[in-house]
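Listed below, chain by chain, are the residues.
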Amino acid sequence: AYSIRAFASIVQENGVDNILVARQKEFNDLANPAFWYSLATGLLAAVLMLVSAPLAAKAFDAPKLIDLILIIAIAAPFDALGIVPRAALSKDFRFGTAAIINTGSLTGQMLLSVSFAAFGFGAQSFVLPLLIVNPIRALILFILTRPPIKLVAQIKRWRSLMGQSGLLVFTAICNRAIQHGDYLILGVMYSTE
């Protein structure tokens, strides 16, 4: 399920945060279109996961994968909400704050995973924490950075964000293939035993 997430999330992790940090003088102008672009790509990643869930379940002969991928897909847009605030932390050199938030998020996920497992949630124990941690992390990031977000998506400005992220997306694809390719290939070619 996490391997499916890793590939689907490439559209979400398209380097917008890096672009915002690199063009920090324009941060206030780019933050709003970057936020809406990130949210759109987060929703697209969720749709890709939802579409791939039955295919993955069939390929791996594991029907339970559908539920796991569904949970991860629901959590994906919440992760996208934090992209612009995380870039704001980097732009302002607030690396200590970013480290505390990341450590808290990971610790929260682990504690929740153990708790869900203790209550008998099985494999879902690994993914259910995302539904809790991702929205809380996004809320904390917004409170701490207060990025200049408006209700207007400024879709015409998305092109300037997309054009610069092509190489970053290609790099992410290669990275995911190296990190998760073996799991996917072995899972399809061999039984669990």
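Preceding block: the structure.
Residues numbered from 1 in each chain as written. Predicted model: local features only at pLDDT ≥ 70, side-chain atom pairs only at ≥ 80, totals over all residues. Heavy atoms only, no water.

Enquirer: Give a description of the packing of helix H6 (residues 95-118) against helix H7 (residues 128-145) that names residues and reports values.
Expert: The contact between H6 and H7 brings their axes to 9 Å, and the two run at 160°. Of the possible angle classes, the one that applies to H6 and H7 is roughly antiparallel. For the pair H6 and H7, the sense of crossing is right-handed. Counted together, Thr97, Ile101, Ser105, Gly108, Gln109, Leu112, Ser113 and Phe116 of H6 and Leu128, Pro129, Leu130, Ile132, Val133, Asn134, Arg137, Ile140, Leu141 and Leu144 of H7 form the full contact between these two elements. In terms of residue class, the contact of H6 with H7 is built from 11 nonpolar, 6 polar and 1 charged. (Axes fitted to C-alpha atoms, helices over the stretch in contact; angles between N-to-C directions. Helix = DSSP H or I, 4+ residues; strand = E, 2+ residues; numbered from the N terminus. Parallel < 35°, antiparallel > 145°, perpendicular 65-115°, else oblique. Left-handed = near helix turned anticlockwise from the far one by under 90°. Contact = heavy atoms within 4.5 Å. Nonpolar A, V, L, I, M, F, W, Y, C, P; charged D, E, K, R; others polar.)

Enquirer: Could you give an account of a nonpolar patch on the surface, naming the residues involved and the relevant values?
Expert: A cluster of nonpolar residues, Leu44, Val47, Leu48, Val51 and Leu55, forms a patch on the protein surface that exposes about 450 Å² of accessible area. Checked against the element boundaries, Val47 lands in helix H3 (residues 27-59). (Patch = residues over 30% accessible without salt bridge, like charges linked within 9 Å, V, L, I, M, F, W, Y side chains within 5 Å. Areas by Shrake-Rupley, 256 points an atom, 1.4 Å probe, with all protein chains shown as cover. Salt bridge = Lys/Arg side-chain N within 4 Å of Asp/Glu carboxyl O.)

Enquirer: With reference to specific residues and values, describe the packing of aromatic side chains.
Expert: In this structure the tally under the stated criterion is 5 aromatic pairs. Here Phe35 and Trp36 contribute two aromatic rings whose centre-to-centre distance is 5.1 Å and whose plane-to-plane angle is 80°, an arrangement assigned as edge-to-face. Given the relative accessible area of 8%, Phe35 is considered buried. What makes Trp36 partly exposed here is its relative accessible area of 21%. Taken together, Phe35, Trp36 and Phe142 form an aromatic cluster joined through their ring pairs. The cationic tip of Lys91 hangs over the ring face of Phe27; the distance from NZ or CZ to the ring centre is 4.9 Å. (Phe/Tyr/Trp six-rings, centres within 6.5 Å; stacked < 30°, edge-to-face > 60°. Buried < 20%, exposed > 50% of the residue type's maximum accessible area, 1.4 Å probe, protein only. Lys NZ or Arg CZ within 6 Å of the ring centre and 35° of its normal.)

Enquirer: Explain the pattern of salt bridges to me, using residue names and the numbers behind them.
Expert: Opposite charge on two side chains allows them to pair when their charged atoms are near. Throughout the structure, instances matching the rule amount to 4 salt bridges. The partner of Arg23 in a salt bridge is Glu26, and the shortest N-O contact between them spans 2.9 Å. The partner of Arg137 in a salt bridge is Asp79, and the shortest N-O contact between them spans 2.7 Å. Placement of Arg137 in helix H7 and of Asp79 in helix H4 (residues 65-80) is noted, with a sequence separation of 58 residues between them. Note on Arg137: relative accessible area 13%, which makes it buried. For Asp79, a relative accessible area of 14% corresponds to the buried category. Several salt bridges share partner residues, and in doing so they unite Asp79, Arg86 and Arg137 into one network.

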